[in-house]
Amino acid sequence: MNPRMLTIDDFNFVPIQVAVRLTGVSRERIKALTCHGLVESGYVDGHDDIVSVPSLQRALAAGYETVVTRSLDHSQVYSIDGVEYVTPSGAATLLGVSVAYVDALIKRAKLSDTLFGARRFIRFETLAEYQAQVRVTRRDLRAKEKLLADVEKTQQRLEKLVARLQSS
């Protein structure tokens, strides 16, 4: 994607360092989103580290943050009727898993595939949705683990307090 020249009227564009602070997403991931054309980018005075906040927010909301950080070769991406599809091996690359695991996800109906002729394809959007679900599940699990740890600390404090009260 060729960056376009920005004007002062493009107030929704910010330096990438600001986008990092606004979203908490690393610079490398934001750059990957711009390289894949999911986030609009541009340049001012020769600096190409300017990104569109609205397009970045849309990409993050769609779950593309973690999907695009792994590279695909172009033989694994197909655009059919304006919809992007990837091969199962491409899906495995994007998700960071094996092709067998992608097949298992399809069998368990976690991912859906489409046949075009004799070849199977998975919609790129489906991968982003799955990745977002995985992220939410992991976040919920971490929150529950933290809550459990807090409860255990509280129980230990109560036990110490009760032991101190009984000894006095």
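Let me begin by describing the structure that accompanies this report. (Residues numbered from 1 in each chain as written. Predicted model: local features only at pLDDT ≥ 70, side-chain atom pairs only at ≥ 80, totals over all residues. Heavy atoms only, no water.)

## A closer look at the pattern of salt bridges
- This structure, assessed with the given rule, holds 5 salt bridges.
- A salt bridge links Asp-113 to Arg-120; its shortest N-O distance comes to 3.5 Å.
- Classification of Arg-120 by relative accessible area gives partly exposed; the value is 27%.
- One salt-bridge network, in which partners are shared between bridges, spans Asp-103, Asp-113 and Arg-120. (Salt bridge = Lys/Arg side-chain N within 4 Å of Asp/Glu carboxyl O. Buried < 20%, exposed > 50% of the residue type's maximum accessible area, 1.4 Å probe, protein only.)

## Notes on the pairing of strand β7 (residues 113–116)
- In the sheet, β7 pairs with strand β8 (residues 119–123) via 4 bridges, with the strands oriented antiparallel. Looking across to β8, one finds that Phe-116 is bridged to Arg-119.
- If you look at the hairpin formed by β7 and β8, you'll find 2 residues sitting between the two strands, and Gly-117 has a positive phi there, around 70 degrees. (Pairing = 2+ DSSP bridges. Helix = DSSP H or I, 4+ residues; strand = E, 2+ residues; numbered from the N terminus.)

## Here we look at the sheet that holds β7
- Reading across the sheet, the 4 strands line up as β5-β6-β8-β7 and stay open at both edges, with antiparallel pairing between neighbours. The two strands at the open ends of the sheet, each matched to only one other strand, are β5 (77–80) and β7. Sheet twist, expressed as the mean angle between neighbouring strand axes with direction ignored, is 45 degrees.
- Bridge count for β5 against strand β6 (residues 83–86) is 4 bridges, and the pairing is antiparallel. The residue bridging Val-77 from the neighbouring strand is Val-86, located in β6.
- Sheet strands touched by helix α5 (residues 88–95): β6 and β8. Its angle to β6, the strand with the most contacts, is close to 85 degrees.
- Contacts between helix α7 (residues 124–167) and the sheet are confined to β6 and β8, with β8 contributing the most and set at about 55 degrees to the helix. (Axes fitted to C-alpha atoms, helices over the stretch in contact; angles between N-to-C directions. Contact = heavy atoms within 4.5 Å.)

## Re the packing of aromatic side chains
- For the coordinates displayed, the defined rule picks out 3 aromatic pairs.
- Ring centres of Tyr-85 and Phe-116 lie 5.2 Å apart, and the angle between their planes is 75 degrees; this geometry places the pair in the edge-to-face category. Of the two residues, Tyr-85 sits in strand β6 while Phe-116 sits in strand β7, which places them 31 residues apart along the sequence.
- For Tyr-85, a relative accessible area of 8% puts it in the buried group.
- Between Tyr-85 and Phe-121 the ring centres are 6.5 Å apart and the planes differ by 70 degrees, which places this aromatic pair in the edge-to-face class. Of the two residues, Tyr-85 sits in strand β6 while Phe-121 sits in strand β8, which places them 36 residues apart along the sequence. Both residues of the pair, Tyr-85 and Phe-121, belong to the buried class.
- Ring pairs connect the aromatic residues Tyr-85, Phe-116 and Phe-121, which therefore count as one cluster. (Phe/Tyr/Trp six-rings, centres within 6.5 Å; stacked < 30°, edge-to-face > 60°.)

## Digging into unusual backbone geometry
- Of note in this structure, Ala-109 is not a glycine but carries a positive phi near 65 degrees.
- Structurally, Ala-109 is set in the loop between α6 (99–107) and β7.

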